[in-house]
Amino acid sequence: MRIDRRIPFIVGVVLTAATVAFAQGAPNTPAKSEAGGGPKWVLDGPVHDFGTAWAGTVLHHRFLVRNEGVGILKILEAKPRCACSVADDYSREIPQGETGHITFKLQTAAKNGAVSESLVIKTNDPNQPYMTLEMKGTVKTVCQLEVIEDSVAKPGTSEFADVRGQAANFGRVTADQRVRRVIKMTNTSGEPLEMKLLGVNQESQRFRAELKVSKPNEEYLLTVLGEPPFVEGYNSGTIMFQTGIPENPSYNVGCYAYVPSRIEVVPPKMIVDPRYPIQPIRPLRITNHGDTHFEITSVSCSNPGFRVTLMPRSPTEPNTHNIEVRMPMGQYRPPEYGDIVRVETSDPERPVIDVYVLPRLNMEPAPRPDNVPLEFHPGRMMPGR
């Protein structure tokens with residue numbers, strides 16, 4: 001039996017092809033030769049070499065920007081090439097003759113080896129509106145993880161190829177499913193690795209771990225077992241190790257398993273963070289994993305600028321309803337109390353599904369102001385839905 005190992009995630013940061021092309025195609029452009037008025041940005045240095053850092057380190061560098069033109073220099077947008085990067089803090093306006101800053105934050109958890117990431121900054125400089133900031137260096141890891149055995153996927157299959165780099169992320173499981181995986185841990189630190197298993201930190205107590213030495217100081221075999229019953233939603237834990245490396249004495253491996261609910265909503269929230277590139281068209285999927293049939297009777301949104309459309313049903317996914325959510329064009333930012341995409345169904349247990357659109361991850365919507373009444377504007381219901 002083939003198991004769908006894709007875990008639902010909160011849609012917040014998605015780079016479209018157009019955004020990547022924009023980020024890659026806007027280098028530090030030299031100023032035009034003709035004299036012109038208006039603000040003018042000058043960087044002390046567009047590239048910061050952070051040297052060598054351990055994976056998992058969060059790096060910060062403050063780039064200094066001087067305004068050597070006339071009038072106020074405005075920083076309008078800061079777009080990363082990758083979701084691992086963000087303009088964590090920056091001067092929105094820099095007066096004439098003064099210096100501002102742009103703080104580049106780089107998360108290295110998923111990095112290994114040579115790294116180069118960039119931010120593209122849009123300004124109101126009439127001659128050179130874009131600047132590119134770069135963070136580069138080398139990220140080293142304690143060890144490389146490779147799945148060599150799996151309780152479901154068999155070696156040599158495409159399914160096994162999909163899980164080889166997933167470590168202890170088991171993806172979707174059923175509540176009564178037992179899972180097992182063997183992970184080879186190969187030393188990549190450049191120093192002797194004396195790995196010692198400390199235990200598994202978890203709430204559900206579903207996961208166990210065992211560690212064996214394959215090649216002293218160089219290679220270890222980690223066996224991770226997940227025992228039912230798994231709870232609905234996310235089951236997670238952290239496998240903790242000591243490494244014997246003075247510079248990086250601890251190391252963790254996350255373990256995960258996801259049991260979908262009877263009516264699964266993906267994503268449960270939509271995040272539109274202005275610090276990241278905005279994807280104006282978002283998919284919303286509602287899947288029936290139960291035996292009771294239901295239909296979607298209406299779709300709507302609390303923001304009249306949204307266009308919400310229930311799409312035709314796919315014959316290959318008869319139990320999934322696909323909804324297209326088009327957000328307002330321009331610099332849309334959700335309010336702190338959130339915009340709401342509402343889906344009404346014929347299901348007696350869940351007749352209304354509300355998906356909030358919020359400006360930040362891991363936040364709850366603020367109370368709605370009394371002077372902003374909650375009104376829903378109907379969407380479209382396509383034939384064949």
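Predicted model only: the values in this text are computed from it and were never measured.

Some thoughts on the packing of aromatic side chains
- By the definition in use, this model includes six aromatic pairs.
- Consider the rings of tyrosine 234 and tyrosine 258, whose centres lie 4.7 Å apart with planes at 50 degrees: the pair is tilted. Taken together, the residues span a long stretch of sequence, with tyrosine 234 in strand S16 (residues 233-242) and tyrosine 258 in strand S17 (residues 250-259) at a distance of 24 residues.
- Exposure remark for tyrosine 258: the relative accessible area of 8% places this residue in the buried category.
- Centre to centre, the rings of phenylalanine 306 and tyrosine 332 are 5.6 Å apart; their planes meet at 80 degrees, and the pair counts as edge-to-face. Of this pair, phenylalanine 306 sits in the loop between strand S21 (296-301) and strand S22 (307-310) while tyrosine 332 sits in the loop between strand S23 (320-326) and strand S24 (339-345), and the two are 26 residues apart along the sequence. Take phenylalanine 306 and tyrosine 332: they sit in the same class, and that class is buried.

Here's the deal with the nonpolar core
- Ranked by size, the top nonpolar core spans 30 residues in total, and within it Met185, Met195 and Val224 carry the most contacts.
- Residue contributions to this core peak at five residues, all from S17.
- Membership of the second largest hydrophobic core comes to 24 residues, among which are Ile94, Ile102, Leu119 and Val139.

Quick notes on the pattern of salt bridges
- All told, the structure shown has 23 salt bridges when counted by the stated rule.
- Glutamate 149 is the salt-bridge partner of arginine 180, the closest N and O atoms lying 3.1 Å from each other. Taken together, the residues span a long stretch of sequence, with arginine 180 in strand S12 (residues 179-187) and glutamate 149 in strand S10 (residues 143-150) at a distance of 31 residues.
- Three or more residues joined by partner-sharing salt bridges are found here, namely Arg178, Arg208, Glu210 and Glu227.

Brief notes about the sheet that holds strand S5 (residues 85-90)
- One open sheet accounts for four strands, arranged S1-S3-S7-S5; its pairing is antiparallel. What marks the edges here is a single partner per strand, and that holds for strand S1 (41-43) and S5. Across the sheet, the axes of successive neighbouring strands diverge by a mean angle of 35 degrees, strand direction being ignored.
- Relative to strand S7 (residues 99-107), S5 is paired through five bridges, and the arrangement is antiparallel. Bridge pairing links valine 86 to lysine 105 in S7.

Structural notes on the sheet that holds strand S2 (residues 47-54)
- In space, the five strands of this open sheet follow the order S2-S9-S8-S4-S6, with mixed pairing throughout. The sheet terminates laterally at S2 and strand S6 (93-94), the two strands that pair on one side only.

Conventions used here
Residues numbered from 1 in each chain as written. Predicted model: local features only at pLDDT ≥ 70, side-chain atom pairs only at ≥ 80, totals over all residues. Heavy atoms only, no water. Phe/Tyr/Trp six-rings, centres within 6.5 Å; stacked < 30°, edge-to-face > 60°. Helix = DSSP H or I, 4+ residues; strand = E, 2+ residues; numbered from the N terminus. Buried < 20%, exposed > 50% of the residue type's maximum accessible area, 1.4 Å probe, protein only. Core = buried A, V, L, I, M, F, W, Y, C linked by side-chain atoms within 4.5 Å. Salt bridge = Lys/Arg side-chain N within 4 Å of Asp/Glu carboxyl O. Pairing = 2+ DSSP bridges. Axes fitted to C-alpha atoms, helices over the stretch in contact; angles between N-to-C directions.

Such coordinate-based values are descriptive only and should not be taken to indicate function.
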